[in-house]
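If you want the building blocks of each chain, they are given just below.
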Amino acid sequence: KDMRDKLIRAGNEAEWMAKFQQQPYVREGILLPLDQLGYFNGILPVGHKYRFAVNCDVAFGGGDSVSMPIGLHDQTDDIIYIVDWYFNSSGVAITVPGIVDMIIKHGIKNVTFEANAGGQLYASKVQEELKNRNYLCACDSVRAPNNASKEDKIKACEGVIRQKFRFLDSTKHSPEEFDGETTIYERSVEYERALEEMGTYVTIGKNTHDDAIDSISQIAERVFDTMQRKAVVMNCPF
């Protein structure tokens, strides 16, 4: 972990992935290099009002990951703090209870699932598991609009993710820091894997997986309406 953090801080994410993760990738064309993102140390004040920004990109195994970032939207400064991240490539028997655990852990009352590729069925399975545990949470399934490709939608969210999102840094906190006046979050192993995948998404060539960046982009799209375009009045050129 120390070697990883040193390499990433130095901008050598590609070296870490190639030498230590056996997942080499091309440096050129990376949309969101990890050393260019916004971070925070995991400490947020208790009592401050946040609105959950949660979106789940579903998968049914086969190498793809179920990706559900947990965001806290601070409407005072319009910043989204990504405080946790469920990211797992196992089958439904593992990921559905895992998603439910995450929902209950954070006290989430509404989750949006992408309805494409079986997402509606997945949402119903999560809703059923929540009912079995006597926990109330509305699980909505929304079909992704087809007026733009997934790649275009991800690219449209780049600026918002850079400016408005804050990800957990690698800080580990000591027990005495838990003073009751702040809420403290730390990266999980799944959180780190999701960040690594997001930081290798390229706009040139093919991507093996895009689950992490897709789920983050869906939050950006729904909170900040990144696909909205403004009409501009201009003189007729003819």
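Scroll up to find the structure.
This structure is a prediction, so every number in the text was calculated from the model and none was measured. (Residues numbered from 1 in each chain as written. Predicted model: local features only at pLDDT ≥ 70, side-chain atom pairs only at ≥ 80, totals over all residues. Heavy atoms only, no water.)

J.: Outline helix α8 (residues 211-224), supporting the account with residue identities and numerical values.
T.: With 14 residues, α8 should reach 20 Å at 1.5 Å per residue; the first-to-last C-alpha distance of 20 Å fits that figure. Summarising burial for α8: twelve of the 14 residues are buried, a large majority. Backbone geometry just after α8 places Asp 225 at a positive phi near 55 degrees. (Helix = DSSP H or I, 4+ residues; strand = E, 2+ residues; numbered from the N terminus. Expected span 1.5 Å × (residues − 1). Buried < 20%, exposed > 50% of the residue type's maximum accessible area, 1.4 Å probe, protein only.)

J.: Can you break down the environment of Leu 130 residue by residue, with the values?
T.: Checked against the element boundaries, Leu 130 lands in helix α4 (residues 119-132). Judged by relative accessible area, Leu 130 falls into the buried class, the value being 0%.

J.: Can you tell me about unusual backbone geometry, naming the residues and giving the values?
T.: A negative phi angle characterises most non-glycine residues, just as the trans form characterises most peptide bonds. In this model, Asp 78 sits at a positive phi of 60 degrees, which is unusual for a non-glycine residue. Here Asp 78 lies in the loop between β4 (66-74) and β5 (79-88). Owing to a relative accessible area of 26%, Asp 78 belongs among the partly exposed residues under this scheme.

J.: Give a description of the nonpolar core that names residues and reports values.
T.: Residues Trp 85, Phe 165 and Phe 167 are the most contacted members of the largest nonpolar core, which totals 57 residues. For this core, the leading source of residues is β5, giving eight residues. Among all residues touching Phe 165, those that are not within four sequence positions of it are Gly 38, Ile 80, Ile 82, Val 160, Ile 216, Ile 219, Ala 220 and Phe 224. (Core = buried A, V, L, I, M, F, W, Y, C linked by side-chain atoms within 4.5 Å. Contact = heavy atoms within 4.5 Å.)

J.: So, the sheet that holds strand β8 (residues 165-168): which residues are in play, and what are the values?
T.: Whenever strands of a sheet pair, they do so through backbone hydrogen bonds, lying parallel or antiparallel. With respect to topology, seven strands assemble into an open sheet ordered β1-β8-β5-β4-β3-β6-β7, the strand pairing being mixed. Two strands bound the open sheet, and with one partner strand each, they are β1 (39-40) and β7 (138-142). Across the sheet, α4 is in contact with β4, β6 (110-114) and β7; its angle to β7 comes to roughly 180 degrees. Here helix α7 (residues 189-198) sits on the sheet and contacts β1, β5 and β8; the angle it forms with β5, its principal contact strand, is near 105 degrees. (Pairing = 2+ DSSP bridges. Axes fitted to C-alpha atoms, helices over the stretch in contact; angles between N-to-C directions.)

J.: Requested: an account of α4, with residues and values cited.
T.: Its 14 residues place the ends of α4 20 Å apart at the C-alpha level, agreeing with the 20 Å of an ideal helix rising 1.5 Å per residue. All buried positions along α4 are accounted for by Gly 119, Tyr 122, Ala 123, Val 126 and Leu 130. Projection of α4 onto a plane perpendicular to its axis shows the buried side chains occupying an angular sector of 100 degrees, all on one side. More than 90 degrees from the buried face of α4, the exposed residues found are Gln 120, Glu 128, Lys 131 and Asn 132. Buried-residue contacts for α4 involve β4, α3 (92-106), β6 and β7. Just past α4, the residue Asn 134 takes up positive phi, approximately 60 degrees. (Arc of directions from axis to C-beta.)

J.: Quick rundown of the packing of aromatic side chains? Include the residues and the values.
T.: Inspection of every chain in the model, using the stated rule, returns seven aromatic pairs. Seen in terms of ring centroids, Phe 60 and Tyr 122 are 5.8 Å apart; in terms of plane orientation they differ by 85 degrees. Their pairing is edge-to-face. With Phe 60 in the loop between β3 (51-56) and β4 and Tyr 122 in helix α4, the pair connects residues that are 62 residues apart, well separated along the chain. The exposure class of Phe 60 is partly exposed, given its relative accessible area of 37%. Here the aromatic rings of Trp 85 and Tyr 191 are separated by 5.7 Å at their centres, their planes lie at 85 degrees, and the arrangement is edge-to-face. Taken together, the residues Trp 85 in strand β5 and Tyr 191 in helix α7 connect sequence positions 106 residues apart. As far as burial versus exposure is concerned, Trp 85 and Tyr 191 are alike and both buried. Put simply, the rings of Trp 85, Phe 165, Phe 167 and Tyr 191 touch in pairs and so form one group of aromatic residues. (Phe/Tyr/Trp six-rings, centres within 6.5 Å; stacked < 30°, edge-to-face > 60°.)

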